[in-house]
Amino acid sequence: MKRAIRNSKDLLAALELDPETLQTSADGEAQFPVFAPLEFLSRMQAGDPNDPLLLQVLPRVQESEIDPDFVPDPVGDAAVERAPGLLHKYTGRVLLIVSGVCGVHCRYCFRRHYPYGSAPKSIERWLPALDTIQNDPSIHEVILSGGDPLTVVDEHLSDLVDRLSTIAHIKRLRIHTRLPVVIPQRVDEKLCGWLSESRLSKWIVLHINHAQEIDSHVVHAIRKLQQTGATVLNQAVLLRGINDSAEQLGALCERLVDCGVLPYYLHQLDRVSGAKHFEADREKGLAILTQLAKSLPGYAVPKYVQEIAGQPSKSPITPD
Ligand SMILES: *Cc1c(COP(=O)(O)O)cnc(C)c1O
Ligand code: SF4
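Residues numbered from 1 in each chain as written. Chains lettered and ligands numbered in written order. Predicted model: local features only at pLDDT ≥ 70, side-chain atom pairs only at ≥ 80, totals over all residues. Heavy atoms only, no water.

S.K.: So what's going on with unusual backbone geometry? Residues and values would help.
M.R.: A cis amide bond, omega 15 degrees, links glycine 146 with the succeeding residue glycine 147. Along the chain, glycine 147 falls in the loop between strand S4 (141-146) and helix H6 (154-165). If you check the backbone angles, glutamate 16 has positive phi at about 55 degrees while not being a glycine. With respect to the helices, strands and loops of the structure, glutamate 16 is situated in the loop between helix H1 (8-14) and helix H2 (26-31). Residue glutamate 16 is classed as exposed on the basis of its relative accessible area of 64%. (Helix = DSSP H or I, 4+ residues; strand = E, 2+ residues; numbered from the N terminus. Buried < 20%, exposed > 50% of the residue type's maximum accessible area, 1.4 Å probe, protein only.)

Listed below in structure tokens is the structure:
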């Protein structure tokens with residue numbers, strides 16, 4: 001992560017692109033800095049301003065466009081915080097914001113305005129969240145999220161998971177992470193060691209939007225995660241100009257299932273301020289899903305969903 005590219009000037013230079021023709025948003029960048037690891041960069045095509053990986057990390061000039069429908073907290077996370085860093089939105093499962101740090105900054109991220117500075121950093125500061133979980137037997141699953149939970153060192157993560165494992169009503173551990181994709185070397189012996197040893201049923205949800213993100217290092221990382229006994233799923237976001245065609249999404253889904261990863265969700269973009277240019281129409285999304293259902297095995301077709309604040313689950317998107 002120390003070697004990662006941290007501004008658009010360096011990003012464009014590394015890809016031999018002309019900053020004169022590819023304008024960027026200075027205020028977008030000031031609000032949410034560029035962060036692109038070299039491992040992710042190595043899968044981009046130099047000289048291609050429309051590279052689907054580059055477009056996910058470059059603050060394009062459209063970020064500065066103001067639209068009242070695109071807001072700082074589109075999914076209502078602030079309202080469901082039960083203890084510092086603990087979000088309880090849905091029955092049976094809670095989400096822990098384990099870290100505010102990510103292995104990559106995705107420009108369309110709905111958490112780009114989240115007040116991460118306030119999330120607990122040491123195990124002591126997790127005690128209120130752990131207490132809340134302990135005292136609520138309706139909770140069976142804990143989701144480590146963020147930010148990216150795998151930016152936390154293994155000693156702290158395994159300590160947190162050990163503590164969760166002592167709570168009898170916790171059956172499942174879920175990890176929402178993009179690090180095995182952007183820096184696959186993160187999946188090392190240490191991580192796989194404590195994961196393998198956990199008594200909990202393990203679910204790892206990756207975030208990959210385009211088949212080009214999956215190189216041989218990512219395949220290797222996925223295999224290591226699967227060898228810990230974890231079931232690996234993927235969630236993607238429908239992104240205009242990046243994966244909003246049956247061809248692109250179909251290729252992604254096939255690549256995923258060939259790695260033994262189930263396409264779980266395809267998210268309609270959350271309307272976060274600065275991300276309007278990434279939005280694809282629901283009609284287009286539905287048409288793509290119809291196309292995928294005709295050409296892929298059923299298990300390779302993700303659920304097309306949207307997050308609506310106040311709803312008891314992610315809401316399926318269906319024709320009107
Ligand atoms: C999306 C989300 C979950 C997980 O929902 P699933 O449908 O079980 O994948 C849990 N908690 C919060 C706060 C979420 O946003
Ligand atoms: S890795 Fe996930 S949480 Fe981090 S910026 Fe990307 S989408 Fe957002």
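S.K.: Any details on the packing of helix H5 (residues 123-134) against H6? Residues and values, ideally.
M.R.: Orientation of H5 relative to H6, taken along the N-to-C sense of each, is 25 degrees, at an axis distance of 11 Å. The orientation of H5 relative to H6 falls into the category roughly parallel. Relative to H6, the crossing made by H5 is right-handed. Residues Ile123, Trp126, Leu127, Leu130 and Ile133 of H5 form the contact with H6, whose own contacting residues are Asp159, Leu160, Arg163 and Leu164. (Axes fitted to C-alpha atoms, helices over the stretch in contact; angles between N-to-C directions. Parallel < 35°, antiparallel > 145°, perpendicular 65-115°, else oblique. Left-handed = near helix turned anticlockwise from the far one by under 90°. Contact = heavy atoms within 4.5 Å.)

S.K.: How would you explain the environment of valine 101 if you had to name every residue and give the values?
M.R.: As for its position among the elements, valine 101 is in the loop between strand S3 (93-99) and H5. Other than its neighbours up to four places away in sequence, valine 101 contacts Met1, Gly147, Asp148 and Thr151.

S.K.: A description of the site of ligand 1 should follow, citing residues and the corresponding values.
M.R.: Lining the immediate environment of ligand 1, one finds Lys89, Tyr90, Arg93, Leu95, Ile143, Arg174, Tyr264, Tyr265, Glu307 and Lys314. For ligand 1, an oxygen atom lies 3.0 Å from a polar atom in the side chain of lysine 314. Considered on its own, ligand 1 offers 390 Å² of accessible surface; in the complex 93% of this is hidden by protein. More than half of the atoms belonging to ligand 1 lie within 2 Å of the grid points that define the largest cavity. Looking at the shell around ligand 1, its residues break down into five nonpolar, no polar and five charged. (Near = heavy atom within 4 Å. Polar contact = N/O pair within 3.5 Å; in protein donor to acceptor, adjacent residues only side chain to side chain. Areas by Shrake-Rupley, 256 points an atom, 1.4 Å probe, with all protein chains shown as cover. 1 Å grid on protein atoms, 1.4 Å probe; cavity = no way out; pocket = protein on both sides within 12 Å on 5 of 7 lines; lining within 4 Å. Sits in = over half its atoms within 2 Å of the grid points. Nonpolar A, V, L, I, M, F, W, Y, C, P; charged D, E, K, R; others polar.)

S.K.: Describe the sheet that holds S4, naming the residues involved and giving the relevant values.
M.R.: The strand order across the open sheet built from ten strands is S1-S2-S3-S4-S5-S6-S7-S8-S9-S10, with neighbouring strands paired in mixed fashion. Two strands in the sheet have a free side with no partner beyond their single neighbour: strand S1 (81-83) and strand S10 (315-316). Judged from the five bridges that link them, strand S6 (residues 201-207) and strand S7 (residues 231-237) form a sheet pairing that is parallel. Bridge pairing links leucine 206 to asparagine 234 in S7. Strands in contact with H5 are S1, strand S2 (86-90), S3 and S4; relative to S3, the strand with the most contacts, it is inclined by about 170 degrees. (Pairing = 2+ DSSP bridges.)

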